[in-house]
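Per-entry structural report
Listed here are the chains, written in short residue letters.
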There are 2 protein chains.
Amino acid sequence: MPNQSDLKKAGLKTTQPRLKILKILENADVRHLAAEDVYKILLETGEEIGLATVYRVLTQFESAGLVIRHNFEGGRSVFELNDEDHHDHMVCLECGRVFEFFDKTIEERQKEVAHQAGFAIDDHSLYMYGVCRGFRDNGNCSWVDQPSQGVFKLKQK
Amino acid sequence: MPNQSDLKKAGLKTTQPRLKILKILENADVRHLAAEDVYKILLETGEEIGLATVYRVLTQFESAGLVIRHNFEGGRSVFELNDEDHHDHMVCLECGRVFEFFDKTIEERQKEVAHQAGFAIDDHSLYMYGVCRGFRDNGNCSWVDQPSQGVFKLKQK
DNA sequence: TTTATTGCAAAACCTTTGCATGTAT
DNA sequence: ATACATGCAAAGGTTTTGCAATAAA
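To keep things clear, this report deals only with the structure shown in the data block.

**As for the environment of A:Ala117**
Here A:Ala117 lies in helix α5 (residues 104–117). Sequence separation of A:Ala117 and A:Asp37 is 80 residues, and the distance between their C-alpha atoms is 39 Å. If near-sequence neighbours (up to four positions away) are discounted, A:Ala117 is found in contact with B:Met90 and B:Arg133.

**Examining the pairing of strand β3 (residues 78–81) of chain B**
Residues and elements named next belong to chain B. Side chains Val-78 and Glu-80 of β3 all project onto a buried face; the interleaved residues Phe-79 and Leu-81 project onto the opposite face, where all are buried too. Pairing analysis gives two bridges linking strand β1 (residues 33–34) to β3, with the strands arranged antiparallel. Directly across from Ala-34, in β3, lies its bridge partner Val-78. Summarising the sheet, strand β2 (residues 67–70) and β3 pair through four bridges and their orientation is antiparallel. By the bridge assignment for β3, Val-67 is matched with Leu-81.

**So, the protein's contact with DNA strand D**
Taken together, 23 residues form the shell around DNA strand D, and within it A:Tyr55, A:Ser77, B:Glu48, B:Thr53 and B:Arg56 come nearest. Sugar and phosphate atoms represent 68% of those atoms of DNA strand D found within 4 Å of the protein. In this structure, a phosphate oxygen belonging to DNA strand D sits 2.7 Å away from a main-chain N or O atom of A:Ser77. A distance of 2.7 Å separates a base nitrogen of DNA strand D from a polar atom in the side chain of B:Arg56. Going through the elements one at a time, α4 (51–63) of chain A together with α2 (16–27) and α4 (51–63) of chain B are the ones with two or more residues in the surface near DNA strand D. Here the surface near DNA strand D takes five residues from α4(A), the largest share from any one element.

**Things to note about the state of the cysteines**
A complete count under the given rule lists zero disulfides over all chains for this structure. In this structure A:Cys132 is a free cysteine whose sulfur lies 3.7 Å from that of A:Cys92, the closest cysteine sulfur available. Looking at A:Cys132, the relative accessible area reads 1%, which means it is buried. Between B:Cys92, a free cysteine, and B:Cys95, which holds the nearest cysteine sulfur, the sulfur-to-sulfur gap is 3.6 Å. B:Cys92 sits in the buried class, given a relative accessible area of 0%.

**Brief notes about the protein's contact with DNA strand C**
Lining the immediate environment of DNA strand C, one finds 20 residues, of which A:Glu48, A:Thr53, A:Arg56, B:Tyr55 and B:Ser77 sit closest. When the atoms of DNA strand C within 4 Å of the protein are sorted by group, sugar and phosphate make up 68%. In this structure, A:Thr15 approaches DNA strand C through a side-chain N or O atom, which is 2.8 Å from a phosphate oxygen. Between DNA strand C and A:Arg56, the relevant distance is 2.7 Å, taken from a base nitrogen to a side-chain nitrogen or oxygen of the residue. Breaking the surface near DNA strand C down by element, the ones donating at least two residues are α2 (16–27) and α4 of chain A together with α4 of chain B. At five residues, α4(B) tops the list of elements feeding residues into the surface near DNA strand C. Looking at the surface near DNA strand C residue by residue, the class counts come to seven nonpolar, six polar and seven charged.

**As for the packing of helix α3 (residues 35–44) of chain B against α4(B)**
All names here are of chain B. Their axes nearest at 9 Å, the elements α3 and α4 cross at an angle of 125°. The angle between α3 and α4 places the two elements in the oblique class. In this structure, α3 crosses over α4, and the sense of that crossing is right-handed. Across the interface between the two elements, Ala-35, Glu-36, Val-38, Tyr-39 and Leu-42 from α3 touch Leu-51, Val-54, Tyr-55 and Leu-58 from α4. The residue makeup of the contact of α3 with α4, split by class, is eight nonpolar, no polar and one charged.

**What about the side chain of A:Glu80?**
All names here are of chain A. By secondary structure assignment, the location of Glu-80 is in strand β3 (residues 78–81). The exposure class of Glu-80 is buried, given its relative accessible area of 1%. Non-local contacts of Glu-80, meaning those with residues more than four positions away in its chain, are made with Arg-31, His-32, Leu-66, Val-67, Ile-68, His-70, His-87, His-89 and Glu-100.

**Points about the packing of aromatic side chains**
All told, the structure shown has six aromatic pairs over all chains when counted by the stated rule. Ring geometry for B:Phe72 versus B:Tyr127: centroids 4.6 Å apart, planes at 85°, classification edge-to-face. Linking B:Phe72 in the loop between β2 and β3 with B:Tyr127 in strand β6 (residues 120–131), this pair joins segments that are 55 residues apart in sequence. Look at B:Tyr127 and you get buried, because its relative accessible area is 4%. Pairing B:Tyr127 with B:Tyr129 gives two aromatic rings, centres 6.4 Å apart and planes at 65°, and the pair type is edge-to-face. Look at B:Tyr129 and you get buried, because its relative accessible area is 4%. A connected cluster of aromatic rings, assembled from ring pairs, spans A:Phe72, A:Tyr127 and A:Tyr129.

Basis of the calculations
Residues numbered from 1 in each chain as written. Chains lettered and ligands numbered in written order. Predicted model: local features only at pLDDT ≥ 70, side-chain atom pairs only at ≥ 80, totals over all residues. Heavy atoms only, no water. Helix = DSSP H or I, 4+ residues; strand = E, 2+ residues; numbered from the N terminus. Contact = heavy atoms within 4.5 Å. Buried < 20%, exposed > 50% of the residue type's maximum accessible area, 1.4 Å probe, protein only. Pairing = 2+ DSSP bridges. Near = heavy atom within 4 Å. Polar contact = N/O pair within 3.5 Å; in protein donor to acceptor, adjacent residues only side chain to side chain. Disulfide = S-S within 2.5 Å. Nonpolar A, V, L, I, M, F, W, Y, C, P; charged D, E, K, R; others polar. Axes fitted to C-alpha atoms, helices over the stretch in contact; angles between N-to-C directions. Parallel < 35°, antiparallel > 145°, perpendicular 65-115°, else oblique. Left-handed = near helix turned anticlockwise from the far one by under 90°. Phe/Tyr/Trp six-rings, centres within 6.5 Å; stacked < 30°, edge-to-face > 60°.

See below:
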């Protein structure tokens, strides 16, 4: 889990905005946040940090390897803390919730396919879109009640 | 391979712009095109079709299942003809070329993982980013010489 | 004190939309 | 003739950037 010393390692000064944004990423009850979500949480907490700074900080964090940026369907980027333990994502198109998973077989096959093609992988992303169990069973998901927690634009509603 | 009759099936009138855009998607030497790429090709061919129309048509084609929209790294959407034969993608960050592949094991494992999680998959996307063999071996790739063929912003250069 | 960082507003992008005009059936 | 498509320009949403003010080292 990234912390203050990682900022220094990345050549970034330990500033209030950076610390606060890092804290939000660590403590938010939703792991996958758009820049605007981070900004709103800052506002709710009474912090005076501009949206431009949020973008700058998140981009710097990404370069430093502290966070991972995702481009899910819907246009905007979402960010999550890089906890060094790789996983892929299932995104519920109904409630917006993001589920993480890891499958060893898939990871291995990816490497193998790339190797056979002579392709040197830097990075990969696997997103599965669909409907989560919570939504299917209950008609809704506990997360929809929470304001501004959606990680992307929902298809419906 | 989609054709004129697919337009009618989708409830879309057979108009010149739609036919021309469909033709470009079928014949372009790059399968994965951003809206702007399609627009530039139209201009080069002397066609008088607005960018807004290109977006509208591509979006309609997407709804009709004629094309697939991808959100690779870099923000903008790229479109490819839906040839009904599903595949995933490797994107070269150096030359911008997109390679397609299909791996049965990966496909099966995805379904299995989703099933275990009680997640009903609509759709999925798997992108691997890295450096292609052509670039690694030759220092460049035949495709870099072709103007406006990149499917997304390159990391470097 | 020196250098990096922030805030604000403006700009840059990509994409969508309103409305009058044009085109397919 | 009617309904749908298009072009243009304008607006929308997200992300980036220039520059003066501010904070960290």
